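# Commentary on secondary and tertiary structure
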Amino acid sequence: MQSVTLARHCLTALVAVALGTAATDVMAARVSRLTPPSELFASGEAEPVIARFLPGQRFDLQATVQPDAGLAITNFAFYVDGSAVTNPANADTVARTSIVTETGPAADCIDAATGKTTGASGCRLAGGLPGNTAVVSLRAFSQFRAGVHELKVVAKQSNGTLVTALGNFEVVGVDHGGQTAKNIIILLGDGMGAAHRTAGRIMAKGYAQGKAKGRLAMDTFPYGGMVMTASLNSIVTDSAPGMQNYVSGNKANNNQEGVFPDDTLDAFDNPRVEYLSEYLHMLQGKSLGVVTTADVFDATPAANAVHTSARGNGTGIVDQFLDDRDRTGLTVLMGGGRKWFLPNASNSVSPQPANGSQRRSANDYVLPDDVVNGWDAARGELDPERDLIGDFQAAGFAYAPDKTALDAAFVGRVPSKLLGLFAYSNMNVSYDKINARRGDSTVVDAFGFPDQPMLDEMTDKALQVLSKNPNGFVAMIEGASIDKQAHLMDSDRWVLEVLEFDRAVAVAKSFAERHPDTLVIVTADHECSGAAIIGASTATAAELEATPNAGKTVVGTYDAAGFPKYTIGDDGYPSTLQIDHKLLIGYGANADRWETWMPNAFPTKDTQQPFPPAESPADPTVRNEDVGYLVTGQVPGDQAVHTATDIPLSAFGRGASLFHGVFDNTDVFFMLGQAAVGGSH
Ligand SMILES: [Zn+2]
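Residues numbered from 1 in each chain as written. Predicted model: local features only at pLDDT ≥ 70, side-chain atom pairs only at ≥ 80, totals over all residues. Heavy atoms only, no water.

The helix and strand inventory of the protein chain stands at 21 helices and 28 strands. Taking 2.2 N^0.38 as the reference for a compact globule, 681 residues should give roughly 26 Å; the C-alpha atoms of the protein chain span a radius of gyration of 26 Å, in line with that estimate. Along the three orthogonal principal directions, the C-alpha set of the protein chain runs to about 85 × 55 × 55 Å. When each of the 681 residues of the protein chain is scored for burial, the buried share is 58%. Of the contacts made within the protein chain by residues no fewer than 6 positions apart, 74% connect residues no fewer than 24 positions apart. A total of about 24600 Å² of accessible surface is found on the protein chain, and carbon and sulfur atoms cover 52% of it. For the protein chain, the distance from the average site of its 51 positive side-chain charges to the average site of its 76 negative ones is 5 Å. (Helix = DSSP H or I, 4+ residues; strand = E, 2+ residues; numbered from the N terminus. Rg over C-alpha atoms; globule rule 2.2 N^0.38 Å. Buried < 20%, exposed > 50% of the residue type's maximum accessible area, 1.4 Å probe, protein only. Contact = heavy atoms within 4.5 Å. Areas by Shrake-Rupley, 256 points an atom, 1.4 Å probe, with all protein chains shown as cover. Lys, Arg positive; Asp, Glu negative; His and termini not counted. Charge placed at Lys NZ, Arg CZ, Asp CG, Glu CD.)

Written out as structure tokens, the structure is:
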């Protein structure tokens, strides 16, 4: 191990000696990053292979090269299995390359004392690199031949010496001859671990003498397994790589979607990896549908179509949804997030524009030439004043601002493209939407959006639109606030989110029964909060109400938990959550909270909202403060966090039998690819 590592670092010296151009400090020049990531580069070990691709799936090659002191990188080439990745007949190859160096004012971007880059705002390279560092790229490479391939970068210094490094990647072959899945529906319960599913089942179906009296729709799927969810840089993923890993076959760093990490500061120039949507649109002409209860710029929806290393760059993210629709096949986009689509003529941050817009130049995108040329991508523009809803409509999308308009858009016809934006940011959760439908619209009125659709209704509309494409589609449907409410440890709200999500699962399953060439998977990106079903209350609803600080004295464990009995209304949701002996949830990855075991009248503050209602408690460390019972947590901050625990995946329909056992989140991509391209038996 040690000698292998040493050998890699000395490769520069060996190359230099072989060329008879020994530099004075032969160990100084080096490649400090080689993309796609590999263990061969990082540790000298050939396995495990980190980066894997489907045949023809495109990705960028990139290296960060630190030349000898006083020298610059003047040229470079990538070699795969010993052959240079250039095609003299293809002038595009040159247009697809770039060498990014520090070009900002030296006083700002290079520290005079150390000679290292500062990473200051307006500079091009991350802090701490030698000032002459170069990031060299070749965009949109692909390889069809299955197997493990060796990647080599060779960079030429200004004195003619070479700097080189080795890595590897794998192309995973597809077995042809099976029955292919024309349509792929990915139902993503954000943050939904096993406990979240179980809680939903107990509440919705009830148990009798130890047996569930019914099954959630997701429980009825015949195949499934457990998914390992780590991201490229942590055992605990956030939602950006949590989603992209499923639909690109590759690990991303936390906060990053559709890209590999790099050493430049531009959040939109990272080395890209082609999404399932782009791959199947290019190969088969499939459409993409993205439906969420979150703001549509959120990590899970964006990590199906948008390439950025900063999941918070809302303006650029929503612009890219539209601008790159011809590459992704985007046909349906529904959820919250209208604040990114409304013009902000003054680019104002404060005061908040009255129309709710949060478009900003600071989080918009403009792509460099090599990305535009390599990927045939829209260049983008800093345009906070853009009327993005108008631009979607001009591109043929029917637009629905609320449920009434959504229904109206389907009277007598099915639109060919659909945009639905039902809130400024994240939509209200099912607990509050259902209360409104039952006559108490206090919360949805306070948010300003009294007429929001449920996820199952959005799913039904999305599938009607998408199924007009005879080539099929990829749909990602997200129950987003299972995660968001679990972060906030608002147990009643997230359990109802599971029920709303499962109703969308039922819609998708029904579609797949009517269209047997459809594959449906239900899974999560990660577990959130370390939720655990600890038992049930020994108290009645009246007793809980009278003693909100009862705390652990009312937690019935084991036999004392019995079987909580909820009454389910005609709308599919519990008639009330304030039942006697209700289900109780504990948390294993929690911040401090005040627990009353009672539903909270208002959802906890959502900082993404441009106009959050004053009634929302700031966070769980103050919610019910001095009324409830203080449960101290073991993580910093004021919210519960994601965990590294494996999560369940269930599969139904064409190709479902490919999903079994324990597998990595990136494995799911290759199963989906097999089902769509090669088919299953
Ligand atoms: Zn989360």
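Taking strand neighbours across the sheet as the criterion, the 4 strands line up as β1-β3-β7-β6 in an open arrangement whose pairing is antiparallel. Single-partner strands in this sheet number two, and they are β1 (30-35) and β6 (97-101). Direction aside, the axes of adjacent strands within the sheet are offset by 15° on average. As paired strands, β1 and strand β3 (residues 59-66) are joined by 5 bridges and run antiparallel to one another. Looking across to β3, one finds that Val 31 is bridged to Val 65. (Pairing = 2+ DSSP bridges. Axes fitted to C-alpha atoms, helices over the stretch in contact; angles between N-to-C directions.)

Distances from the zinc ion to its protein donors, Asp 483 (OD), Asp 483 (OD), His 487 (NE2) and His 642 (NE2), fall at 1.9 to 2.4 Å. In this structure, the zinc ion is coordinated by 4 donor atoms arranged in irregular fashion, with angles at the metal of 58 to 153°. All donor residues of the zinc ion come from one chain, and their arrangement in sequence is D-x3-H-x154-H. Pair noted here: Asp 483 is in helix α18 (residues 481-487) and His 642 is in strand β26 (residues 642-643), with a separation of 159 residues, a long-range link. Accessibility classification places Asp 483 together with His 642 in one group, the buried group. (Donors = N, O, S within 2.8 Å, 3.2 Å for Na, K, Ca; no water. Tetrahedral: all angles 85-135°; square planar, octahedral: opposite > 155°, others 65-115°.)

Quick look at the environment of Gly 633 now. Looking at the element boundaries, Gly 633 is found in the loop between β25 (629-631) and β26. A relative accessible area of 28% means that Gly 633 is categorised as partly exposed. Placed 40 residues apart in sequence, Gly 633 and Arg 593 show a C-alpha to C-alpha distance of 7.5 Å. Discounting residues that sit within four places of it in the chain, Gly 633 has contacts with Asn 590, Ala 591 and Asp 592.

Let us now look at the packing of aromatic side chains. Applying the stated criterion to the full structure yields 16 aromatic pairs. Pairing Phe 76 with Phe 78 gives two aromatic rings, centres 5.8 Å apart and planes at 75°, and the pair type is edge-to-face. Here Phe 76 and Phe 78 have matching classes, each one buried. Aromatic side chains Phe 341 and Phe 392 sit 5.7 Å apart centroid to centroid with 45° between the ring planes, which places their arrangement in the tilted category. In this pair, Phe 341 is assigned in the loop between β15 (330-336) and α12 (369-375) and Phe 392 in helix α13 (residues 388-394), connecting sequence segments 51 residues apart. Here Phe 341 matches Phe 392 in class, with each residue buried. Put simply, the rings of Phe 53, Phe 59, Phe 141 and Phe 169 pair up and form one aromatic cluster. Over the ring of Tyr 79 we find Lys 152; its NZ or CZ atom is 5.4 Å from the centre of that ring. The ring of Phe 410 carries Lys 461 above its face, with NZ or CZ at 5.4 Å from the centroid. (Phe/Tyr/Trp six-rings, centres within 6.5 Å; stacked < 30°, edge-to-face > 60°. Lys NZ or Arg CZ within 6 Å of the ring centre and 35° of its normal.)

As a further point, take a nonpolar patch on the surface. Together, Met 226, Met 228 and Val 662 line one region of the surface with nonpolar side chains, adding up to about 260 Å² of accessible area. Mapped onto the secondary structure, Met 226 falls in strand β13 (residues 223-228). The class for Met 226 is partly exposed, based on a relative accessible area of 35%. (Patch = residues over 30% accessible without salt bridge, like charges linked within 9 Å, V, L, I, M, F, W, Y side chains within 5 Å. Salt bridge = Lys/Arg side-chain N within 4 Å of Asp/Glu carboxyl O.)

What follows concerns helix α17 (residues 455-466). Residues lying three or four places apart along an α-helix face the same way, a consequence of the helix completing one turn every 3.6 residues. Its 12 residues place the ends of α17 16 Å apart at the C-alpha level, agreeing with the 16 Å of an ideal helix rising 1.5 Å per residue. With 9 of 12 residues buried, α17 is to be regarded as a mostly interior element. (Expected span 1.5 Å × (residues − 1).)

As a packed pair, helix α8 (residues 276-284) and helix α21 (residues 665-678) sit with axes 12 Å apart at the nearest point and diverge in direction by 20°. When the axis of α8 is compared with that of α21, the two are roughly parallel. Seen along the crossing, α8 lies across α21 with a hand that is right-handed. Across the interface between the two elements, Leu 276, Tyr 279, Leu 280, Leu 283 and Gln 284 from α8 touch Phe 669, Leu 672, Ala 676 and Val 677 from α21. For the contact of α8 with α21, the residue count by class is 8 nonpolar, 1 polar and no charged. (Parallel < 35°, antiparallel > 145°, perpendicular 65-115°, else oblique. Left-handed = near helix turned anticlockwise from the far one by under 90°. Nonpolar A, V, L, I, M, F, W, Y, C, P; charged D, E, K, R; others polar.)

Between its first and last C-alpha atoms α21 spans 20 Å; for 14 residues at 1.5 Å apiece the expected length is 20 Å, and the two agree. Gly 679 sits one or two residues past α21 and shows a positive phi near 90°.

Turning our eyes to something else, we now look at the sheet that holds β15. Overall, mixed pairing links the 10 strands, which are arranged β16-β17-β15-β14-β18-β10-β19-β27-β13-β28 in an open sheet. Unpaired on one side and paired on the other, β16 (398-400) and β28 (660-664) mark the two borders of the sheet. In this sheet, adjacent strand axes meet at a mean angle of 15° when their direction is disregarded.

The next subject is the environment of Ala 77. Mapped onto the elements, Ala 77 comes out in strand β4 (residues 73-80). Spatially, the C-alpha atom of Ala 77 lies 9.5 Å from that of Thr 97, the residues being 20 residues apart in sequence. If near-sequence neighbours (up to four positions away) are discounted, Ala 77 is found in contact with Lys 152, Val 153 and Val 154.

Our focus in this paragraph is the nonpolar core. Ranked by internal contacts, the top residues of the largest apolar core, which has 125 residues, are Ile 185, Leu 187, Phe 341, Phe 392 and Phe 659. In this structure, Val 31, Phe 59, Val 65 and Val 153 belong to the second largest nonpolar core, which totals 28 residues. (Core = buried A, V, L, I, M, F, W, Y, C linked by side-chain atoms within 4.5 Å.)

Mapped onto the elements, Pro 351 comes out in the loop between β15 and α12. Judged by relative accessible area, Pro 351 falls into the exposed class, the value being 62%. When the C-alpha positions of Pro 351 and Leu 499 are compared, they lie 38 Å apart, and in sequence the two are 148 residues distant.

Take the pairing of β3 next. Of all 8 residues in β3, 8 are buried; the element is thus mostly enclosed. Of the pairings in the sheet, the one linking β3 to strand β7 (residues 134-141) comprises 6 bridges and is antiparallel in character. Across the sheet, the residue bridging to Val 65 is Ala 134, located in β7.

Moving on, we come to unusual backbone geometry. With glycine set apart, most residues show a phi of negative sign, and most peptide bonds adopt trans. A cis geometry characterises the amide bond from Thr 35 onward to Pro 36, with omega recorded as 10°. Mapping Pro 36 onto the fold places it in the loop between β1 and α3 (39-42). Cis geometry is found at the peptide bond from Ser 350 to Pro 351, where omega equals 5°. Backbone geometry places Gln 209, a non-glycine residue, at a positive phi of 45°. If you trace the backbone, Gln 209 turns up in the loop between β11 (207-208) and β12 (211-212). A relative accessible area of 82% means that Gln 209 is categorised as exposed. A positive phi is found at Trp 597, a non-glycine position, where the angle reads about 65°. Checked against the element boundaries, Trp 597 lands in the loop between β24 (593-595) and β25. The class of Trp 597 is buried, set by a relative accessible area of 8%.

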